[in-house]
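Remarks on the overall topology
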Amino acid sequence: VSREIAVVGGGPAGLMAAEMLSATAHRVTVYERMPSPARKLLMAGRGGLNLTHSEPIERFVARYGRDDAARRHMAAAIEAFSPAALIAWAEALGQPTFKGSSGRIFPKAMKASPLLRAWLRRLDRQGVRLLTRHEWTGWVEDGALTFRREDGSAVGVRPDATLLALGGASWPRLGGSGAWLPLLAARGVATRPFEPSNAGVEIGWSARFAERFAGTPLKRIALTCGGVRAVGEAMVTRRGLEGNAVYALSEPIRRSLADDGKAELTLDLRPDLGHEALTERLSRPRDKQSLSTFLRKAAGLPPVAIAVLREGSTAPLPSDAAALAARIKALPLAVRGLAGIERAISSVGGVALEAVDERFMLRALPSVFVAGEMLDWDAPTGGYLLQATLATAVAAARGIEAWLGERGA
Ligand SMILES: Cc1cc2nc3c(=O)[nH]c(=O)nc-3n(C[C@H](O)[C@H](O)[C@H](O)COP(=O)(O)OP(=O)(O)OC[C@H]3O[C@@H](n4cnc5c(N)ncnc54)[C@H](O)[C@@H]3O)c2cc1C
């Protein structure tokens with residue numbers, strides 16, 4: 001039986017659910033507040049569009065926070081729409097993929113626009129209506145969803161089922177601001193405040209350092225916080241650091257800031273060299289070389305790494321080789337805070353996972369389902385965000401299908 005389904009939010013979660021539900025002959029309308037859909041997906045495409053990751057599924061699902069119950073909920077959705085299923089889906093949209101050296105999966109096109117174009121064509125063929133410039137503003141007394149249109153006028157709709165796929169609260173200028181949170185909380189839905197995740201950190205660089213090195217990458221470094229170590233890259237910004245090695249530590253950094261009001265990163269500028277090997281190199285005669293030249297030649301450190309060594313501490317660099325090696329391998333950096341949510345890759349907070357049942361239907365609001373980043377899960381970068389976004393959308397679409405089926409013709 002064909003039913004009327006409202007999908008609110010035209011990001012990847014909303015589009016995936018719309019694709020599935022329209023394939024089974026339901027009438028699906030996607031309501032999107034921006035003038036065009038999936039702006040965050042297009043932004044993700046600028047970084048090559050890391051779709052998913054090739055690691056074994058047990059390791060993959062262990063990436064998801066925030067607690068065991070949340071992890072189990074996410075694991076069920078991801079096992080039902082696995083990384084392999086996501087790759088097959090992208091390839092069927094004409095986007096062959098490849099595995100990068102780190103095991104991450106990208107479309108060969110290294111951007112989102114061709115995938116999005118093919119996807120929107122498919123949705124159009126399947127009869128999905130896409131209404132842009134329609135901002136969901138809540139429900140009216142009689143239960144109808146209300147939308148504000150561009151001219152300020154309001155329109156109400158009463159679908160058989162609703163999927164909310166409004167996204168998280170990072171990068172609000174791309175569409176998702178999290179402004180819906182109080183609307184759901186007022187209806188008895190368990191919600192948590194938004195916080196940045198996969199965000200840069202703020203470090204009190206000297207003006208001189210920030211001026212000279214903002215935009216310079218620290219390549220092949222390792223960062224440690226709260227016992228978690230991440231090897232990768234970090235980019236110096238005016239206010240601190242960003243990049244995959246920093247994002248991977250979002251959770252311990254956030255926890256430490258919340259518990260102690262401060263956090264510390266330990267930076268290893270030569271993770272591929274042991275302390276002894278580095279000490280040996282630094283024991284070579286320095287002759288008349290300046291310390292910078294010596295560090296560049298003997299320890300292979302680029303200018304940004306040498307400057308950061310001097311930033312990390314007010315004490316002069318030790319002259320003893322072993323002490324210098326120790327500084328290079330474990331430089332403490334005091335973190336002042338996480339960079340703002342408006343520049344974070346993702347956010348945590350939103351609809352608590354315990355607020356939805358195993359079909360992703362809100363326990364407090366039957367007929368209303370939720371998917372994507374508006375749910376309170378957390379994961380590092382590496383393809384885990386889009387995988388979870390799409391997998392929860394598939395689970396919610398199947399949930400809608402089953403729920404409508406149970407309610408009969
Ligand atoms: C810079 C950047 C790079 C990224 N790179 C990657 C990557 O490489 N790999 C990866 O896995 N993930 C990446 N991500 C994360 C990924 O883009 C998100 O996880 C994903 O877009 C979440 O999808 P979503 O559909 O849940 O939400 P969104 O993509 O945020 O979509 C939600 C939609 O709902 C609309 N909306 C919000 N409120 C309303 C309302 N009231 N009424 C109507 N419409 C509304 C919004 O306008 C938006 O279009 C990146 C994110 C950023 C910011």
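Here, the structure is the one placed above.
Note that the structure is predicted; figures quoted are calculated from it, not measured. (Residues numbered from 1 in each chain as written. Predicted model: local features only at pLDDT ≥ 70, side-chain atom pairs only at ≥ 80, totals over all residues. Heavy atoms only, no water.)

**Digging into the pattern of salt bridges**
- This model, assessed by the stated rule, comprises 18 salt bridges.
- Of the charged contacts, one joins R229 and D268 as a salt bridge, the two residues approaching to 3.6 Å between their closest N and O atoms. Of this pair, R229 sits in strand β14 (residues 228-236) while D268 sits in strand β16 (residues 263-268), and the two are 39 residues apart along the sequence.
- Residue D268 is classed as buried on the basis of its relative accessible area, which comes to 4%. (Salt bridge = Lys/Arg side-chain N within 4 Å of Asp/Glu carboxyl O. Helix = DSSP H or I, 4+ residues; strand = E, 2+ residues; numbered from the N terminus. Buried < 20%, exposed > 50% of the residue type's maximum accessible area, 1.4 Å probe, protein only.)

**Description of the environment of G14**
- Note on placement: G14 falls in helix α1 (residues 12-23).
- Put simply, G14 and S292 are 278 residues apart on the chain and 53 Å apart in space, counted from C-alpha to C-alpha.
- Not counting chain neighbours up to four residues away, the residues in contact with G14 comprise V7, G9 and A165. (Contact = heavy atoms within 4.5 Å.)

**Brief notes about the site of the ligand**
- Taken together, 29 residues lie near the ligand, and E32, N50, W136, E373 and L386 sit nearest.
- Residue R33 places a main-chain N or O atom 3.2 Å away from a nitrogen atom belonging to the ligand.
- In the model, an oxygen atom of the ligand is placed 3.4 Å from a nitrogen or oxygen of the G175 main chain.
- Of all elements in the fold, only α1, α2 (39-46), β7 (134-139) and α15 (384-406) reach the threshold of two or more residues within the shell around the ligand. (Near = heavy atom within 4 Å. Polar contact = N/O pair within 3.5 Å; in protein donor to acceptor, adjacent residues only side chain to side chain.)

**A few points about the sheet that holds β14**
- On the basis of which strands lie adjacent, the open sheet formed by 7 strands has the order β17-β16-β13-β14-β15-β12-β18 and antiparallel pairing. With partners counted over all chains shown, the strands left at the sheet margins are β17 (331-335) and β18 (337-338), one partner each.
- Across the sheet, helix α14 (residues 321-329) is in contact with β16 and β17; its angle to β16 comes to roughly 120 degrees. (Pairing = 2+ DSSP bridges. Axes fitted to C-alpha atoms, helices over the stretch in contact; angles between N-to-C directions.)

By themselves, these observations are geometric and do not establish any function.
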